[in-house]
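Per-entry structural report
Chain by chain, the residues run as shown.
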Amino acid sequence: MAKEYKITSLRLADLEKELNYLKTTREREVAAMIAEARSYGDLSENSEYDAAKNEQAKLYGRIAEIEDILFHAVIIEDENEASGRVGLGCTVTVEDEKGNRTDYRITGSQEANPMEGKLSDDSPFGRSVVGKAAGEIFTVNAPNGSYTMKVISVSREG
């Protein structure tokens, strides 16, 4: 199966902007660091040169990573939009068995950040809630045990 990264168009734009910055501004900065370190003389014992080369390796690694993501990106905005069901890009309000309500945004794995309430569709919660509609009850099979939740609402707003 071909590799694909599910991302929103907003995340796509952010990655393109970061890639442009890395390939222009940051690459020039790192090249200047290397040139300056070279001017200090003997490269075999030059810690500034080693640090600059390590920074260059990290830069090129990140550029390659972003290019791979962009090449295999699948934009997810419109999924399940008309159906009122939970899908990628949706914000879902759920209620636990104690009546506590929480909002989550369902994202692809590249955008997931649980601390910000952004959960991947590949997470145990994401796999359980995708495809559900308001009023439906679902069970999450998490590593620390199963629990039941109810979908209160599904929206497209971020």
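I will try to describe carefully the structure that is included in this document.

Quick word on the overall build of the chain
- Each helix and strand in the chain was counted, giving three helices and seven strands.
- The order of helices and strands in the chain, counted from the N terminus, is β-α-α-β-β-β-β-α-β-β.
- The globule rule puts the C-alpha radius of gyration for 158 residues at 15 Å, and the 22 Å found for the chain is more than 25% above it.
- C-alpha extents for the chain along the principal axes are approximately 70 × 35 × 30 Å.
- Relative to its 158 residues, the chain shows a buried fraction of 31%.
- Excluding contacts between residues fewer than 6 apart, the proportion of contacts in the chain whose partners are at least 24 apart in sequence is 51%.
- Accessible surface for the chain amounts to roughly 9,600 Å². Of this, 49% is attributable to carbon and sulfur atoms.
- Charged side chains of the chain number 20 positive and 29 negative; the gap between the two group centres comes to 3 Å.

Thoughts on the packing of aromatic side chains
- Following the criterion strictly, the structure yields two aromatic pairs and no others.
- Ring geometry for Phe-125 against Phe-138: centres 5.7 Å apart, planes inclined by 75°, an arrangement best described as edge-to-face. Residue Phe-125 is found in helix H3 (residues 124-129), and its partner Phe-138 is found in strand S6 (residues 137-142); the two are separated by 13 residues along the sequence. As far as burial versus exposure is concerned, Phe-125 and Phe-138 are alike and both buried.
- Through a chain of ring-to-ring contacts, the aromatic side chains of Tyr-104, Phe-125 and Phe-138 assemble into a single cluster.

A short note on the nonpolar core
- By size, the foremost hydrophobic cluster in this structure holds 15 residues, and its most contacted members are Leu-15, Leu-22, Ile-34, Leu-59, Ile-63 and Ile-66.
- Among the elements that make up this core, the one with the highest residue count is helix H1 (residues 9-38) (seven residues).
- Once you skip the residues sitting within four places of it in the chain, Ile-63 turns out to touch Leu-19, Leu-22 and Lys-23.
- In terms of nonpolar packing, the next biggest core, distinct from the first, is built from 14 residues, Val-86, Val-129, Phe-138 and Val-151 among them.

As for the sheet that holds strand S4 (residues 101-107)
- Taken in spatial order, the five strands line up as S5-S4-S3-S7-S6 in an open sheet, and their pairing is mixed. Looking at which strands have only one partner, the edges of the open sheet turn out to be strand S5 (118-120) and S6. Direction aside, the axes of adjacent strands within the sheet are offset by 45° on average.
- In this sheet, strand S7 (residues 145-155) lies alongside strand S3 (residues 91-96) in antiparallel orientation, the contact comprising six bridges. For Glu-95, the partnering residue across the bridge sits in S7 and is Lys-150.

Looking at the environment of Arg-11
- Considering the arrangement of structural elements, one finds Arg-11 in helix H1.
- Expressed as a C-alpha distance, the spacing of Arg-11 and Phe-138, which sit 127 residues apart in the sequence, is 29 Å.
- Not counting chain neighbours up to four residues away, the residues in contact with Arg-11 comprise Arg-62, Gln-110 and Glu-111.

Calculation notes
For every chain, the first residue of its written sequence is number 1, and the numbers climb from 1 along that sequence. Restriction of local features to residues with pLDDT of at least 70 applies here, the model being predicted, together with a cutoff of 80 or more for giving and counting side-chain atom pairs; totals for whole chains, interfaces and linings are based on all residues. Hydrogens and water molecules were not included; the side-chain quantities draw on all heavy atoms of the structure. To qualify as a helix, a DSSP run of H or I must reach at least 4 residues; to qualify as a strand, a run of E must reach at least 2; elements of each kind are numbered from the N terminus. Based on C-alpha atoms, the radius of gyration is set beside the globule rule, defined as 2.2 Å times the residue count to the power 0.38. Three labels apply to residues, based on accessible area from a 1.4 Å probe with only protein chains included: buried if under 20% of the type maximum, exposed if over 50%, partly exposed otherwise in between. Any two residues whose heavy atoms approach within 4.5 Å are treated as being in contact. Only the protein chains shown count as cover for residues, with accessible areas throughout obtained via the Shrake-Rupley method and a probe of 1.4 Å. Charged residues are defined here as Lys and Arg on the positive side and Asp and Glu on the negative side; His and the ends of the chain fall outside this count. Just so you know, the charge point we use is NZ for Lys, CZ for Arg, CG for Asp and CD for Glu. In this analysis, rings of Phe, Tyr and Trp, with Trp reduced to its six-membered ring, are considered paired at centre separations within 6.5 Å, and the interplanar angle assigns stacked below 30 degrees, edge-to-face beyond 60, and tilted for intermediate values. Among the buried residues, those of types Ala, Val, Leu, Ile, Met, Phe, Trp, Tyr and Cys that are joined through side-chain atoms within 4.5 Å form a nonpolar core. Strands were regarded as paired on the criterion that DSSP finds at least two bridges between them. To get an axis, fit a line to the C-alpha atoms, keeping to the stretch in contact for a helix; angles then go from 0 to 180 degrees between the N-to-C directions.

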